[in-house]
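# Summary of the model geometry
What follows is the residue order along each chain.
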Amino acid sequence: MFPEFTLRYARLPKRFFERFDPVPVLEPRLVAFNRPLAEELGFDLDAFDERQVAEWFGGNAVPPGAEPLAQAYAGHQFGTFVPRLGDGRAVLLGEVTDRHGRLRDIQLKGAGRTPFSRGADGRAPLGPVLREYLVSEAMHGLGIPTTRALAAVTTGERVFRRVPEPGAVLTRVAASHLRVGTFQYFAARGDVEAIRTLADMAIERHYPELLGPELADVDEAGRYLALVEAVARRQAALVAKWMSVGFIHGVMNTDNTTISGETIDYGPCAFMEAYDPRTVFSSIDEGGRYAYANQPWIVQWNLARLAETLLPLIDADQERAVELATALIQAYPERYEREWLAVMRAKLGLATEQAEDRELAEGLLEAMHAGRADFTLAFRRLAEALETDAPALLELFERDEPIRAWLPRWRARWAREDLDTAGIATRLRAVNPAYIPRNHKVEEALAAAAEHDDFGPFEALREVLASPFAEQPGREAYAMPAPPSERVFRTFCGT
Ligand code: AMP
Ligand code: MG
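Calculation criteria
- Residues numbered from 1 in each chain as written.
- Chains lettered and ligands numbered in written order.
- Predicted model: local features only at pLDDT ≥ 70, side-chain atom pairs only at ≥ 80, totals over all residues.
- Heavy atoms only, no water.
- UniProt positions renumbered as here; feature names shortened; annotations may be inferred.
- Donors = N, O, S within 2.8 Å, 3.2 Å for Na, K, Ca; no water.
- Buried < 20%, exposed > 50% of the residue type's maximum accessible area, 1.4 Å probe, protein only.
- Phe/Tyr/Trp six-rings, centres within 6.5 Å; stacked < 30°, edge-to-face > 60°.
- Helix = DSSP H or I, 4+ residues; strand = E, 2+ residues; numbered from the N terminus.
- Pairing = 2+ DSSP bridges.
- Near = heavy atom within 4 Å.
- Polar contact = N/O pair within 3.5 Å; in protein donor to acceptor, adjacent residues only side chain to side chain.
- Areas by Shrake-Rupley, 256 points an atom, 1.4 Å probe, with all protein chains shown as cover.
- Nonpolar A, V, L, I, M, F, W, Y, C, P; charged D, E, K, R; others polar.

Going by the annotation in an unreviewed UniProt entry, the name recorded for the chain is Protein nucleotidyltransferase YdiU, with Halomonas heilongjiangensis given as the source organism. In its Function (unreviewed entry) section, the UniProt record describing the chain reads: "Nucleotidyltransferase involved in the post-translational modification of proteins. It can catalyze the addition of adenosine monophosphate (AMP) or uridine monophosphate (UMP) to a protein, resulting in modifications known as AMPylation and UMPylation." Comment text from UniProt for the chain, heading Sequence similarities (unreviewed entry), reads "Belongs to the SELO family."

Rendered as structure tokens:
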């Protein structure tokens, strides 16, 4: 029932990875399985055998045709370069071709101590595995590019973090696991040939348009510069989407920045409730490097690190290469601003572009900041504010003069739109979610599973988050911010 593997990464030269079979676990038990995704990947679900699936995704049996490996990569962690990180506990089984003809990586996370593990235990606790499962699938539901979660298996073993916890393995699916840090690994070794191999693989898998006939006369060097630009475009669009839902990644190191433009590595990530651009959740982010408002600029910094690795391929004249790459990185802020404005216009229900839109969007954010309004609900309730004097919206604001002053500006702006009010309301509800993975709800689901072996709250939350834009009668509690006693201010990196 396992789809056929393509061993693209496993066929790269030896220095790209370490062959490594998952380390078997005591008692693999399948606790979550993503059927729609399995179907998309070409699994034959008629032949679904739960025990067999648990063996595969717990790491006790290598699926037919797989050649498991741990990938080599480096990375800047909180700004400090680490030349050899690699998959310390993750194992790539191989790639499969999905129903749309796209290659997808299948990786087990928490599969044992690989040669890159640097003294850590190679395992993952159940809580963080379920968090990644929930939040990555929620991001997918929100229409945001992300790695996916295919399965979670408990191991029957304990792992030790702050307290002993049940161990688990997450099966992660990605367009690829190529990261900025993968390029950095070889750049740090002066291995230009390896960088060319990676760049060619990245173009083939993620940016085949760069091989298209219209680019046939672009020389090779132009193609590698175009790759940086293509990654910049996807990353700018990605971070604009994060910003539009209040998502804070928490650990935007270069090893956690993909070439594909998917969100990856859900550690101490969280969604902001009361709007404050300085919000930081991660307990290890003491300087607030990865605060909400910094995220777009961290992406730019990470893209500069990618561009550096490609300089030898961009132009034989290194001064010229630096000039070209610098111009491209300097164009990023404008690109990001455009992406941001586009998502904000959509969130305000606007279909046309007007010069005042930026100020209008910023005005709403300032009102939310001043009133400590819940970010998600404030946007969601804009639809109601179209036709009423907006009591449901106003009650979200501790101080409501700024929002009261803003609403007439917004209403005046519709005079320039074609759609009727009902049309705008529909559009607003289609882009402003009712449901996000509220931190206290995520914590509640994780605790029930880890402490009481109760996966009910996890399943319920996962179902709610699969349809974030629909009103789900009876599930209003999932849409509400945490009561003061349950507010989450810190998330821990004990993954
Ligand atoms: P992350 O913060 O999850 O992006 O991980 C950063 C690096 O630490 C990667 O090289 C991981 O493979 C490695 N790592 C994290 N947790 C573990 C663990 N429990 N055992 C081995 N390696 C780990
Ligand atoms: Mg990582």
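Reference geometry at the metal: tetrahedral coordination by four donors gives ideal angles of 109.5 degrees; octahedral coordination by six donors gives 90 or 180 degrees. Around the magnesium ion (ligand 2), the protein supplies N256 (OD1) and D265 (OD) as donor atoms, at distances of 1.8 to 2.2 Å. On the accessibility criterion, N256 (11% relative accessible area) is buried.

Scanning the model with the defined rule gives 23 aromatic pairs in all. Residues F2 and F43 carry aromatic rings whose centres are separated by 4.8 Å and whose planes lie at 65° to one another, so their mutual orientation is edge-to-face. Taken together, the residues F2 in the segment before strand 1 (5-6) and F43 in the loop between helix 1 (35-40) and helix 2 (50-58) connect sequence positions 41 residues apart. As far as burial versus exposure is concerned, F2 and F43 are alike and both buried.

So, on to the pairing of strand 8 (residues 103-109). In terms of burial, strand 8 is a largely internal element, seven of the seven residues being buried. Residues L103, D105, Q107 and K109 line one face of strand 8 and the alternating positions R104, I106 and L108 line the opposite face, and both faces are buried. Strand direction decides the pairing type here: strand 7 (residues 90-97) and strand 8, joined by seven bridges, are antiparallel. Bridge pairing links A90 to K109 in strand 8. Here strand 7 hands over to strand 8 after five residues, with G101 in that stretch at a positive phi of 85°. Pairing analysis gives five bridges linking strand 8 to strand 11 (residues 164-174), with the strands arranged antiparallel. Bridging from a neighbouring strand, I106 pairs with V173 of strand 11.

This part is about the site of ligand 1. Near ligand 1 you find 17 residues, and of these G86, G88, D121, G122 and D265 are the closest. Within the backbone of G88, a nitrogen or oxygen atom sits 2.7 Å from an oxygen atom of ligand 1. The contact in question runs from an oxygen atom of ligand 1 to an N or O atom on the side chain of R118, over 3.0 Å. In isolation ligand 1 offers 480 Å² of accessible surface; the protein chains occlude 83% of this area. Partitioned by chemical class, the residues of the shell around ligand 1 number three nonpolar, six polar and eight charged.

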